[in-house]
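The primary structure of each chain is shown beneath.
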Amino acid sequence: MRTRWNSSLFMMDRLVKLKEPLTIVMISLNDAPSNLNSEEWNCIEDIVPLLKPFDSLTTELSAEQYPTISKVIPLIRGNFLNIFRIIFINFLINRVSSVQSTSTSSSSAIALMKQYMNKPYHYLNCNIVEYWRDHKSLLHPLSEIALKYIMIPATSVPSERIFSKAGQIMSARRNRLLPDNLDTHVFLNKNMQLLIIFNYNLKVLSYNILLKYF
């Protein structure tokens, strides 16, 4: 099953950029393969700018180290944004009303939503978890709902990255690596940052224990 169409986009984008020199070279060669006709070139030139926004969107949403669900609405453009925005706001108002105490009316939930919507925009790459933690008291209980629902959407990108990394490690010059050694290389490459942090925390813990008892 084809899942990574981005490489086809990169290929077509590069092809458009090299259209003129590529055509000259193919004309000068005796046994050159058939060149693309004008209709095929026009089709490729139309497809590239059409797919580039989708490539940017999938790249932003393919992260695995931080929550990306909060980027969905800013990344969506066109008529779907207004429709989704209305549905999302109504959903949050209903959730806030249900979280608040029974003595609190729905008008306060609407006021809280207006207060949130009137706050200044933040950069797309801001840490959304830290934002809601900093505004926990000001936007309560909206902050509880946000911290509950912001997440990293499940995608096949992390597993594909691991397969790509395994292909780079198991190269033609290292094709005699044993399966266990290959697993170790992939594991270390994928988790090196976590291992460094773990090693640092272990050293700090050992140092504190030594200070306490000695």
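Residues numbered from 1 in each chain as written. Predicted model: local features only at pLDDT ≥ 70, side-chain atom pairs only at ≥ 80, totals over all residues. Heavy atoms only, no water.

Caption draft 1: Up close: the overall build of the chain. A tally of helices and strands in the chain yields ten helices and zero strands. For the chain, the sequential pattern of α-helices and β-strands runs α-α-α-α-α-α-α-α-α-α. The 214 residues of the chain split such that 19% are buried. Across the chain, the fraction of contacts at a sequence separation of at least 24, relative to all contacts at a separation of at least 6, is 55%. (Helix = DSSP H or I, 4+ residues; strand = E, 2+ residues; numbered from the N terminus. Buried < 20%, exposed > 50% of the residue type's maximum accessible area, 1.4 Å probe, protein only. Contact = heavy atoms within 4.5 Å.)

Caption draft 2: Spotlight on helix α10 (residues 179-213). In this model α10 runs just 44 Å from its N-terminal to its C-terminal C-alpha over 35 residues, more than 12% under the 51 Å that 1.5 Å per residue would give. Where α10 bends most, at N191, the angle is about 70°. Taken together, the buried positions of α10 are occupied by L182, V186 and N191. Of the surrounding secondary structure, the elements contacted by the buried residues of α10 are α9 (157-169). (Expected span 1.5 Å × (residues − 1). Bend = angle between axes of the 7 residues up to and from the residue.)

Caption draft 3: Inspection of a nonpolar patch on the surface at higher detail. Taken together, the side chains of F187, L188, M192, L195 and I196 define a hydrophobic patch exposed on the protein surface, amounting to about 420 Å² of accessible area. Relative to the elements of secondary structure, I196 occurs in helix α10. On the basis of relative accessible area, I196 is assigned to the partly exposed category, the value being 46%. (Patch = residues over 30% accessible without salt bridge, like charges linked within 9 Å, V, L, I, M, F, W, Y side chains within 5 Å. Areas by Shrake-Rupley, 256 points an atom, 1.4 Å probe, with all protein chains shown as cover. Salt bridge = Lys/Arg side-chain N within 4 Å of Asp/Glu carboxyl O.)

Caption draft 4: Structural detail: the packing of α9 against α10. α10 packs onto α9 with a crossing angle of 125° between their chain directions and a minimal axis gap of 10 Å. On the basis of the axis angle, α9 is oblique to α10. Seen from above, α9 lies across α10 with right-handed handedness. From α9, I162, K165, A166 and I169 reach across to α10, where they touch L182, H185, V186, N189 and K190. Across the contact of α9 with α10, the residue classes tally to five nonpolar, two polar and two charged. (Axes fitted to C-alpha atoms, helices over the stretch in contact; angles between N-to-C directions. Parallel < 35°, antiparallel > 145°, perpendicular 65-115°, else oblique. Left-handed = near helix turned anticlockwise from the far one by under 90°. Nonpolar A, V, L, I, M, F, W, Y, C, P; charged D, E, K, R; others polar.)

Caption draft 5: A look at the nonpolar core. Formed by L112, M113, I128, V129, Y131, W132, L139, L142, A146 and I150, the largest nonpolar core amounts to ten residues. When contributions to this core are tallied by element, the ones reaching two or more residues are α6 (106-117), α7 (128-134) and α8 (142-149). Per element, the largest residue contribution to this core is four residues, and it comes from α7. (Core = buried A, V, L, I, M, F, W, Y, C linked by side-chain atoms within 4.5 Å.)

Caption draft 6: Spotlight on the pattern of salt bridges. Taken as a whole, this structure holds two salt bridges when the rule is applied. E45 is the salt-bridge partner of K19, the closest N and O atoms lying 3.2 Å from each other. One end of the pair, K19, is in helix α2 (residues 19-28); the other, E45, is in helix α3 (residues 38-61), and 26 residues separate them in sequence.

Caption draft 7: Spotlight on helix α1 (residues 6-17). Along its twelve residues, α1 runs 17 Å from first to last C-alpha, staying within 8% of the 16 Å computed at 1.5 Å per residue. Buried positions along α1 lie against α3.

Caption draft 8: A look at the side chain of N6. Here N6 is to be found in helix α1. A polar side-chain atom of N6 sits 2.6 Å from a polar atom in the side chain of D55. If sequence neighbours within four positions are ignored, N6 has contacts with D55 and T58. (Polar contact = N/O pair within 3.5 Å; in protein donor to acceptor, adjacent residues only side chain to side chain.)

Caption draft 9: Broad picture of the confidence of the model for the chain. Scored by pLDDT, the chain has a mean of 76; 80% of the residues are at 70 or more. Averaged over each element, pLDDT in the chain is lowest for helix α5 (residues 79-99) (58) and highest for α1 (88). (pLDDT = per-residue confidence, 0-100.)

Caption draft 10: Summary view of the side chain of D13. If you trace the backbone, D13 turns up in helix α1. When sequence neighbours within four positions are dropped, the list of residues in contact with D13 reads V48 and K52.

Caption draft 11: The packing of α1 against α3, seen in detail. At a minimum axis distance of 9 Å, the contact between α1 and α3 shows a crossing angle of 135°. On the basis of their axis angle, the class for α1 and α3 is oblique. Between α1 and α3 lies a crossing whose hand is left-handed. Residue-level contacts link N6, L9, F10, M12, D13, L15 and V16 of α1 to W41, I44, E45, I47, V48, L51, K52, D55 and T58 of α3. Partitioning the contact of α1 with α3 into residue classes produces ten nonpolar, two polar and four charged.

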